[in-house]
There are 2 protein chains.
Amino acid sequence: MTRTQTTKAMADTVTIDQRLLVWAERVEKALDAALPLPDAEPARLHQAMRYSTLNGGKRVRPALIYATGELLGIAPTELDASAAAIEMIHVYSLVHDDLPAMDDDEFRRGRLTCHRQYDEATAILAGDALQVLAFQTLAEGPGSAEQKLAMIQILARASGTAGMAGGQAVDLAAAGRVLTLIELEEMHKAKTGALLQASVLLPAAKAEVDASLRGCLARFGQALGLAFQIVDDLLDIEGDPALLGKATGMDQARGKPTYPAIVGVPAARLKAQELHTLALQELSAFGAQADPLRALAHFLTNRNA
Amino acid sequence: MTRTQTTKAMADTVTIDQRLLVWAERVEKALDAALPLPDAEPARLHQAMRYSTLNGGKRVRPALIYATGELLGIAPTELDASAAAIEMIHVYSLVHDDLPAMDDDEFRRGRLTCHRQYDEATAILAGDALQVLAFQTLAEGPGSAEQKLAMIQILARASGTAGMAGGQAVDLAAAGRVLTLIELEEMHKAKTGALLQASVLLPAAKAEVDASLRGCLARFGQALGLAFQIVDDLLDIEGDPALLGKATGMDQARGKPTYPAIVGVPAARLKAQELHTLALQELSAFGAQADPLRALAHFLTNRNA
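What you see is a predicted model; the values in this text were computed from it and never measured. (Residues numbered from 1 in each chain as written. Chains lettered and ligands numbered in written order. Predicted model: local features only at pLDDT ≥ 70, side-chain atom pairs only at ≥ 80, totals over all residues.)

Before we move on, can you summarise the overall build of chain A with the specific residues and values?
Secondary structure summary: chain A contains 16 helices and two strands in total. Relative to the globule expectation of 19 Å for 305 residues, the C-alpha radius of gyration of chain A, 19 Å, shows essentially globular dimensions. By principal-axis analysis of the C-alpha atoms, chain A measures approximately 60 × 50 × 35 Å. Put simply, chain A has 305 residues, and 52% of those count as buried. (Helix = DSSP H or I, 4+ residues; strand = E, 2+ residues; numbered from the N terminus. Rg over C-alpha atoms; globule rule 2.2 N^0.38 Å. Buried ≥ 20, exposed ≤ 12 C-beta atoms within 10 Å, placed from the backbone.)

As structure tokens, then:
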């Protein structure tokens, strides 16, 4: 066995858990470097941004970025800015969603939410500043002007009224109301799915892939995004609060529309697995270089936290 | 007199009030076109974004963009996206600053504030969505990829922790505390000045001007930005609530640090005029093509609303 073969064999034995740890460490460093220093003024704002961001979340979106990068042959160093940017958008949305006027959550990832640890005004501003820092980080990251502009457009569309912010608005309006399955799917696709899909589209834009490959990744990202959210809904019913780092049963308590609430737990589980299969089909044309992304898709639809 | 001379003579007689009206109409149309439709879902969010944006504010930042465009020979059509984008950032900051956890304002521009007209959650989301739409609008506007990327960087830096959001954090932290004049100026430069300065730097990036000219415009924008905020502080003491469309005396009632509170009203007036003079000096190398920008600077430091 040559040295190259040995290295390859070793790479193949790397589990998804190990990969997730490596990716999480990468994006943690990138976030730390991109965030303003905690002792520079306005220090309280900077500290709130860092408190909410640098706390070891699952880093699902960065993991999707790096795994898609492996599929496309993009070095992780080329993707650190995108990974940090998309995580900033995700964190800002959590900080704002947790506010008293929204979900009024006390804990997040096992710690006090931003407005509980600091105050509401600081949490609003920290979210605002994280959102704009995401775009600044993308704009100042590696890549040609065309590539970066394409990535900024992807992230903006996924975050705005046609994506995450719009989905959150539908979610708020839906509390206590019965949604149809189609309405619920549209809401999930916008609120959670758009940003997960953007996580595979950002490396595609960086690599300037053709329309056919972009289409495969877009459909993979959309199916996986919906599966991820259904699993999230299921975990709120069946999950372990200690593993999740937050209380369960909150969706039902708040009258939030969820997949299992509409179709029942068994059908919701089945739907998540069907979407997982659909997602994998989009990767069928690829060989071993898609294995990290396949393993990640499996992990995300079979997670317990 | 030739036709060209006649047209020029006519153009020279256009007052700044007339120009402001034309520019305001331009940006109103650009905003209307860029904002999501009011009857598309999520309709309440879209309506809140439109309610807060399409209400005939002074449009100071778009006016600075168009006036700088006249100086640099850029057609207004080339600047509509920038004008809409910077106004969206300004409006989002007003929507969030008005929230109960921040300034808790009931009226803005003579109408109910966004969270009063709708609700707090919708106002938070409307602000979030306006911020991201600003970057999307710039990214999808006219210009080369390099020009648009440069504009996105300018707008991001002016809006983030080193600019507007950071200045608002300092402002909140300063309530009830005595600031030094230097601290106050730094706060004003960040909170209001950065976005006003960005308004002259955006057309400069679009025109790819050299460093020397960019320096003149940067210093012009910074001096005018501070003058504008001092006049704002003065209007809160001496202004007419009917003309302003909001209550006066609020800074003092809230213990907010202001220029006149530290140095007194006469010294604050003098400072605004000094800054106005400084700003004009930066335009001294230019001929008649800088007249709209000069007239706008005069208007902004001598306004009564």
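Mind laying out the interface of chain B and chain A, listing which residues take part and the relevant values?
When the parts of a complex come together, some accessible area is lost, and that lost area is often taken as the interface size. Across the boundary between the two partners, chain B contributes 41 residues, which contact 41 residues of chain A. Elements with a contribution of two residues or more to the side of chain B that touches chain A: α3 (43–53), α7 (120–139), α8 (145–159) and α9 (164–174) of chain B. Residue contributions to the side of chain B that touches chain A peak at 12 residues, all from α7(B). (Contact = placed C-beta atoms within 7 Å.)

Please provide a residue-by-residue account of α8(B), values included.
Since the α-helix packs 3.6 residues into each turn, any two residues three or four apart lie on the same face. Residues and elements named next belong to chain B. With 15 residues, α8 should cover 21 Å at 1.5 Å per step; its first-to-last C-alpha distance of 21 Å lies within 8% of that length. Along α8, 11 of the 15 residues are buried, which leaves the element largely enclosed by surrounding structure. Buried within α8 we find Gln147, Lys148, Leu149, Ala150, Met151, Ile152, Ile154, Leu155, Ala156, Ala158 and Ser159. (Expected span 1.5 Å × (residues − 1).)

Could you give an account of the relation of the copies chain B and chain A, naming the residues involved and the relevant values?
Superposition record for chain B on chain A: RMSD 0.0 Å, screw rotation 180°, translation along axis 0.0 Å. Read as a symmetry element, the transformation amounts to a two-fold axis. No C-alpha of chain B lies nearer the rotation axis than that of Ala145(B), which sits 2.7 Å from it. Taken as a fraction of all interface residues of chain B, those also at the interface in chain A reach 100%, which identifies the copy contact as same-surface. (Least-squares fit on C-alpha atoms with pLDDT ≥ 70 in both.)

Account for unusual backbone geometry, naming residues and giving values.
With an omega of -5°, the peptide bond running from Glu41(A) to Pro42(A) counts as cis. Mapped onto the secondary structure, Pro42(A) falls in the loop between α2 (16–34) and α3 (43–53). Even without being glycine, Arg109(A) reaches a positive phi, approximately 50°. Among the secondary structure elements, Arg109(A) is positioned in the loop between β1 (107–108) and β2 (111–112). Overall, the presence of 14 C-beta atoms within 10 Å leaves Arg109(A) in the partly exposed class. At Glu208(B), a residue that is not glycine, the phi angle is positive and equals roughly 50°.

Break down the environment of Leu71(A) for me, with residues and values.
Residue and element names in this part refer to chain A. Looking at the secondary structure, you find Leu71 in helix α4 (residues 60–72). Residues Leu71 and Pro292 lie 221 residues apart in sequence; the distance between their C-alpha atoms is 7.8 Å. The contacts of Leu71, once residues within four sequence positions are left out, are Phe286, Gln289, Ala290 and Leu293.

Quick one: what's the story with the packing of helix α8 (residues 145–159) of chain A against α7(B), residue by residue and with numbers?
At a closest axis distance of 9 Å, the pairing of α8(A) and α7(B) adopts a crossing angle of 145°. The element α8(A) and its partner α7(B) pack so that their crossing is left-handed. Contacts between α8(A) and α7(B) pair Leu149(A), Ile152(A), Gln153(A), Ala156(A), Arg157(A) and Ser159(A) from the former with Val132(B), Phe135(B), Gln136(B) and Ala139(B) from the latter. Here the contact of α8(A) with α7(B) is composed, by residue class, of six nonpolar, three polar and one charged. (Axes fitted to C-alpha atoms, helices over the stretch in contact; angles between N-to-C directions. Left-handed = near helix turned anticlockwise from the far one by under 90°. Nonpolar A, V, L, I, M, F, W, Y, C, P; charged D, E, K, R; others polar.)

Go over the packing of helix α11 (residues 211–238) of chain A against helix α16 (residues 291–301) of chain A with me, naming the residues and quoting the values.
Geometry of a packed helix pair, given as the angle between the helix axes and the separation of the axes. Residues and elements named next belong to chain A. Direction vectors running N to C along α11 and α16 enclose 30°, while the axes themselves pass 8 Å from each other. As summarised for this structure, α11 and α16 are arranged roughly parallel, according to the angle between their axes. Seen from α11, the contacting residues are Leu224, Ala227, Phe228 and Val231; seen from α16, they are Ala297, Leu300 and Thr301. Of the residues contributing to the contact of α11 with α16, the split by class is six nonpolar, one polar and no charged. (Parallel < 35°, antiparallel > 145°, perpendicular 65-115°, else oblique.)

Outline helix α10 (residues 181–207) of chain A, supporting the account with residue identities and numerical values.
Residue and element names in this part refer to chain A. Taken as a whole, α10 carries its principal kink of about 55° at Gly193. Counted residue by residue, α10 has 21 buried out of 27 residues, so it is predominantly covered. Note on α10: the residue one or two positions beyond its end, Glu208, has a positive phi of about 50°. (Bend = angle between axes of the 7 residues up to and from the residue.)

Could you give me a rundown of the environment of Ala261(A), with the residues and numbers involved?
When you line up the elements, Ala261(A) lands in helix α14 (residues 259–263). For the pair formed by Ala261(A) and Gly163(A), sequence separation is 98 residues and the distance between their alpha carbons is 23 Å.

Which residues make up the environment of Leu54(A), and what are the values?
All names here are of chain A. With respect to the secondary-structure elements, Leu54 resides in the loop between α3 and α4. Spatially, the C-alpha atom of Leu54 lies 9.6 Å from that of Val27, the residues being 27 residues apart in sequence. When neighbours within four sequence positions are excluded, Leu54 is seen to be in contact with Glu28, Leu31 and Asp32.

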